[in-house]
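Here is how the chains run, residue by residue.
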Amino acid sequence: MNDGGSAIWDAHAATFDEQPDHGLRDPAVRTAWASLLNSVLPVPSASVVDIGCGTGSLAVLLAETGHRVHGLDASSAMLDVARRKAAERGVALSLVRGDASWPPFAAGSFDVVLVRHVLWAMTEPQATVVRWIDLLRPDGRLVMIEGHWATGAGLTAAQCTSLMQRHDRQVELLPLNAAGLWGKDITDERYLLLSRPR
């Protein structure tokens, strides 16, 4: 496994959830994310893998709605927080430490691959997307939440869409400009890309 960067995320684990869209502690922000994900995911109980799950906020949210959720992250400390969070909320998660660019799962394992704010950090984004799509069952959906932030980091929607259009799949772009998702007004580009079979 490529551990590059995992120590950085380990160091952030204790404070990561302080951002409203990370911890989903604000009920209004939590509800906004639940509504967004329910609009693009199959009805429960789908088999979902949250790649780069971090502290598990989205994974727990989906498990609470009845999905069967797996989480993958390179940071042991982040996964420890996710385990505590799942226990506190009374849901079951299958959490694994691993490399987002080489997920340790068999091909065709999942109905949904969910990836939030991960692709921009991959050194080989096109090859990584291929591996994520390989994890899907024939009617599976890839749900990617990305952005091009005020810091200059990230991927524009045009860049991400171009990556996805190299595959024979339907691609839908949803802008994520609503302040309710982030707990504040935003001025940078944030979006969801939904990829599914034609």
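Provided above is the structure to which this section pertains.
Parameters at a glance
- Residues numbered from 1 in each chain as written.
- Predicted model: local features only at pLDDT ≥ 70, side-chain atom pairs only at ≥ 80, totals over all residues.
- Heavy atoms only, no water.
- Salt bridge = Lys/Arg side-chain N within 4 Å of Asp/Glu carboxyl O.
- Helix = DSSP H or I, 4+ residues; strand = E, 2+ residues; numbered from the N terminus.
- Pairing = 2+ DSSP bridges.
- Axes fitted to C-alpha atoms, helices over the stretch in contact; angles between N-to-C directions.
- Contact = heavy atoms within 4.5 Å.
- Expected span 1.5 Å × (residues − 1).
- Buried < 20%, exposed > 50% of the residue type's maximum accessible area, 1.4 Å probe, protein only.
- Arc of directions from axis to C-beta.
- Polar contact = N/O pair within 3.5 Å; in protein donor to acceptor, adjacent residues only side chain to side chain.
- Phe/Tyr/Trp six-rings, centres within 6.5 Å; stacked < 30°, edge-to-face > 60°.
- Parallel < 35°, antiparallel > 145°, perpendicular 65-115°, else oblique.
- Left-handed = near helix turned anticlockwise from the far one by under 90°.
- Nonpolar A, V, L, I, M, F, W, Y, C, P; charged D, E, K, R; others polar.

1. Considering the pattern of salt bridges
Then step 1. The full count for this structure, using the stated rule, is 7 salt bridges.
Then step 2. Among the ionic pairs, aspartate 80 bridges to arginine 83, the shortest N-O distance being 3.2 Å. Of this pair, aspartate 80 and arginine 83 both sit in helix H5 (residues 76-89), separated by 3 residues, roughly a single helical turn.
Then step 3. Across the pair arginine 196 and glutamate 172 runs a salt bridge, and its minimum N-O distance is 3.5 Å. With arginine 196 in strand S7 (residues 189-197) and glutamate 172 in strand S6 (residues 169-175), this residue pair connects regions lying 24 residues apart in the sequence.
Then step 4. It is possible to trace a salt-bridge network through shared partners that takes in Arg30, Glu64 and Arg89.

2. Side note on the sheet that holds strand S1 (residues 47-51)
Then step 1. Taking strand neighbours across the sheet as the criterion, the 7 strands line up as S3-S2-S1-S4-S5-S7-S6 in an open arrangement whose pairing is mixed. The open sheet has two edge strands, strand S3 (93-97) and S6, and neither has a second partner. Here the average twist between neighbouring strands, direction ignored, is 15°.
Then step 2. For strand S4 (residues 110-116) and strand S5 (residues 136-148), the ladder comprises 6 bridges, and the chain directions are parallel. Following the sheet pairing, valine 112 is matched in S5 by arginine 141.
Then step 3. Relative to the sheet, H5 contacts strand S2 (68-73) and S3, its axis offset from that of S3 by approximately 170°.
Then step 4. This element, helix H7 (residues 157-164), spans S5, S6 and S7 of the sheet and lies at about 15° to S7.

3. Remarks on helix H3 (residues 27-40)
The α-helix advances 3.6 residues per turn, and as a result positions three or four apart in sequence lie on the same side.
Then step 1. With 14 residues, H3 should cover 20 Å at 1.5 Å per step; its first-to-last C-alpha distance of 20 Å lies within 8% of that length.
Then step 2. For H3, the full list of buried residues reads Val29, Arg30, Trp33, Ala34, Leu36, Leu37 and Val40. All buried residues of H3 fall inside an arc of 165° around its axis, so they share one side. Exposed residues on H3 whose side chains face more than 90 degrees from its buried face are Pro27, Ala28, Thr31 and Ser39.
Then step 3. With a side-chain oxygen positioned 2.8 Å from the backbone nitrogen of alanine 28, the residue opening H3 is aspartate 26.

4. A few points about the packing of aromatic side chains
Then step 1. Considering all chains together, one arrives at 3 aromatic pairs under this definition.
Then step 2. When the centroid spacing of 5.3 Å and the interplanar angle of 85° are considered together, the rings of tryptophan 33 and tryptophan 182 count as edge-to-face. Of this pair, tryptophan 33 sits in helix H3 while tryptophan 182 sits in helix H8 (residues 179-182), placing them 149 residues apart in sequence.
Then step 3. Plain terms: the ring middles of tryptophan 120 and tryptophan 149 are 5.5 Å apart, the flat faces sit at 80° to each other, and that makes the pair edge-to-face. Here tryptophan 120 is found in the loop between S4 and helix H6 (125-134), whereas its partner tryptophan 149 is found in the loop between S5 and H7, with 29 residues between them in sequence.

5. Describing the packing of H3 against helix H4 (residues 57-64)
Then step 1. Across the interface, H3 lies against H4 with an axial gap of 11 Å and an inter-helix angle of 70°. Between H3 and H4, the angle is such that the two are roughly perpendicular. Read as a crossing pair, H3 and H4 show a hand that is right-handed. In this structure, H3 uses Arg30, Trp33, Ala34 and Leu37 to contact H4, whose residues at the interface are Leu58, Val60, Leu61, Leu62 and Glu64.
Then step 2. Per-class residue counts for the contact of H3 with H4 are 7 nonpolar, no polar and 2 charged.

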